[in-house]
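What follows is each chain in one-letter form.
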Amino acid sequence: MSDKFPTGVLWGAATAAYQIEGAARTDGRGPSIWDVFCDTPGKTVGGENGEVACDHYHRWREDIDLMRRLNLQCYRFSISWPRVMPTGRGAINQRGLDFYDRLVDGLCAAGIAPMITLYHWDLPAALQMEEGGWEHDDSPHWFADYAELIFNRYSDRVARWITLNEPWCSVDGGYFHGAHAPGVRDRALGYRVGHNLMRAHAQAVSRYRASKHSRGMISFALNTAWFFPETNSPADIAAAERALLNFGGWFADPAHFGDYPAVMRERLGDMLPRFSDEDTRLLRRSMDYISLNYYTSDVVRYKHGAGLMDAEICTPPEVQRTEMGWPVYPDGYYNLMMWLHTRYGLPLMVTENGAAMPDKPDRTGYVDDQDRIAYLQSHFDAARRATRDGVDLREYYVWTLMDNLEWSVGYEKRFGLVHCDRRTLKRTIKASGHWYADFIAGACEKTRRLASPAGAMR
Ligand code: FCB
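Since the model is a prediction, treat every value here as computed from it, not as a measurement.

## A word on empty space enclosed by the protein
No. 1: Under the counting rule described, the total for this entry stands at 4 cavities of 30 Å³ or more.
No. 2: Estimated volume of the largest cavity: approximately 100 Å³.
No. 3: Among the elements of the structure, α2 (33–39) and α8 (167–176) are those that each provide at least two residues to the lining of the largest cavity.
No. 4: Tallying contributions element by element places α8 first for the lining of the largest cavity, with 3 residues.
No. 5: Residues belonging to the lining of the largest cavity are distributed by class as follows: 10 nonpolar, 3 polar and no charged.
No. 6: Within this model, the second largest cavity holds a volume of roughly 50 Å³.

If you want it as structure tokens, here you go:
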């Protein structure tokens with residue numbers, strides 16, 4: 001049995017605009033809901049915000065250099081909607097667009113294929129304050145107009161696209177428990193926001209496919225855990241299946257089949273909005289590939305009355321956990337990849353996978369993060385097994401290039417392959433970064449020569 005990945009898999013890293021760019025008030029960028037949220041006392045740990053972050057907006061050349069040293073073949077980043085359209089609609093900010101032009105050109109010149117996420121949670125604040133943001137049923141049109149601007153500008157050089165990052169998190173964090181912007185707590189509104197997000201995804205995909213440069217692949221980034229049943233009892237097995245459909249299926253089913261999973265319709269009743277025929281038509285087959293962001297899994301058991309799915313999380317306390325407290329389950333990752341493959345039958349791009357660890361830099365800033373290497377290694381092994389068992393893995397993006405703003409938990413939770421000193425912003429490649437560079441060089445010798453920046457889509 002081969003210990004290599006199939007030839008042609010590309011290896012990269014992922015970031016998001018608000019987490020790394022900084023320059024929050026530079027060159028005409030408008031505020032986003034995350035600027036407003038971070039400015040509200042008590043919302044983020046230590047009152048941290050993305051004003052400066054990693055100052056990637058000014059240091060992007062150095063950062064591309066880092067990517068080269070890591071041997072990255074592809075790089076996923078997000079465009080800040082309020083940087084290019086400061087109020088979300090109408091006026092365009094050329095200086096914002098120019099920044100991403102420089103970045104895309106720099107990546108292509110370095111032989112690194114760019115993947116663009118259109119929306120990684122930083123909604124222009126004006127849309128939220130004036131119109132209620134994603135709660136508004138017209139929000140999909142605003143998003144599609146913004147998406148079209150971006151497609152027209154960059155798809156001559158970019159062939160990999162993600163409409164939305166993790167709509168589940170936008171709803172769960174932003175509208176269920178309120179720990180993410182815009183910090184609302186209202187379940188019914190949350191389901192409506194999720195609904196509009198999926199309508200927005202579908203409309204953006206349809207604009208992409210209608211555009212003249214649409215030779216690439218487009219999807220949205222799905223995050224979900226895998227759920228292990230606690231026992232082999234039919235009740236536990238059924239509870240685990242419901243939990244999965246209520247998490248990953250909530251967004252992936254509409255984007256492939258055109259509607260929510262039946263179990264959600266049954267159990268949520270009128271709280272779950274209905275798609276129009278036109279929505280359903282646009283949604284069906286609106287993923288060219290599964291874009292999976294995977295971190296963790298859980299164990300569940302059947303318990304009457306435990307949430308809407310009668311499923312209770314009962315992950316053993318002694319299981320290994322990352323700094324986020326997330327259980328480490330590479331087998332869950334494997335199971336999930338197989339499940340997605342069977343249910344949707346699409347190629348797979350892992351668009352985030354990584355771990356926060358208790359990094360301790362030495363005096364030079366070097367971090368010997370053997371625990372992160374172990375996490376990545378075990379998850380790569382799971383992915384390799386999945387490719388052997390039929391999963392068509394195309395690309396793999398480790399989260400994340402460098403330590404950055406981990407949303408409401410601030411800068412203390414670090415996922416980077418590269419350490420970024422909070423005071424000096426000096427970048428130092430961690431042991432995991434060196435390990436990854438060697439892995440890419442060794443495992444994928446042949447692939448590297450294939451990677452033409454915009455192309456290399458099979
Ligand atoms: C994902 C987000 C990403 C990062 C990682 C740790 O949910 O997409 O921005 O915060 O988690």
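Additional details are given in the paragraphs that follow.
## Description of a negative patch on the surface
No. 1: There is a patch of like negative charges on the surface, built from Glu323, Asp362, Asp368 and Asp371.
No. 2: Its relative accessible area of 32% is what places Asp371 among the partly exposed residues.

## Digging into the sheet that holds strand β1 (residues 10–14)
No. 1: Reading around the circumference, β1-β2-β3-β4-β5-β7-β10-β11 is the order of the 8 strands in this closed barrel, with parallel pairing throughout. Adjacent strand axes in the sheet meet at a mean angle of 25 degrees when their direction is disregarded.
No. 2: When strand β5 (residues 217–223) meets strand β7 (residues 290–294), the two strands line up parallel, connected through 3 bridges. Following the sheet pairing, Ala221 is matched in β7 by Ser291.
No. 3: Sheet contacts for α8: β3 (113–119), β4 (160–165) and β5; angle to β5, the most-contacted strand, approximately 35 degrees.
No. 4: Across the sheet, helix α16 (residues 431–443) is in contact with β1 and β11 (393–399); its angle to β1 comes to roughly 155 degrees.

Calculation rules
Residues numbered from 1 in each chain as written. Predicted model: local features only at pLDDT ≥ 70, side-chain atom pairs only at ≥ 80, totals over all residues. Heavy atoms only, no water. 1 Å grid on protein atoms, 1.4 Å probe; cavity = no way out; pocket = protein on both sides within 12 Å on 5 of 7 lines; lining within 4 Å. Points joined across faces, edges and corners; volume = space filled by probe spheres on them. Helix = DSSP H or I, 4+ residues; strand = E, 2+ residues; numbered from the N terminus. Nonpolar A, V, L, I, M, F, W, Y, C, P; charged D, E, K, R; others polar. Patch = residues over 30% accessible without salt bridge, like charges linked within 9 Å, V, L, I, M, F, W, Y side chains within 5 Å. Areas by Shrake-Rupley, 256 points an atom, 1.4 Å probe, with all protein chains shown as cover. Salt bridge = Lys/Arg side-chain N within 4 Å of Asp/Glu carboxyl O. Lys, Arg positive; Asp, Glu negative; His and termini not counted. Charge placed at Lys NZ, Arg CZ, Asp CG, Glu CD. Buried < 20%, exposed > 50% of the residue type's maximum accessible area, 1.4 Å probe, protein only. Pairing = 2+ DSSP bridges. Axes fitted to C-alpha atoms, helices over the stretch in contact; angles between N-to-C directions. Contact = heavy atoms within 4.5 Å.

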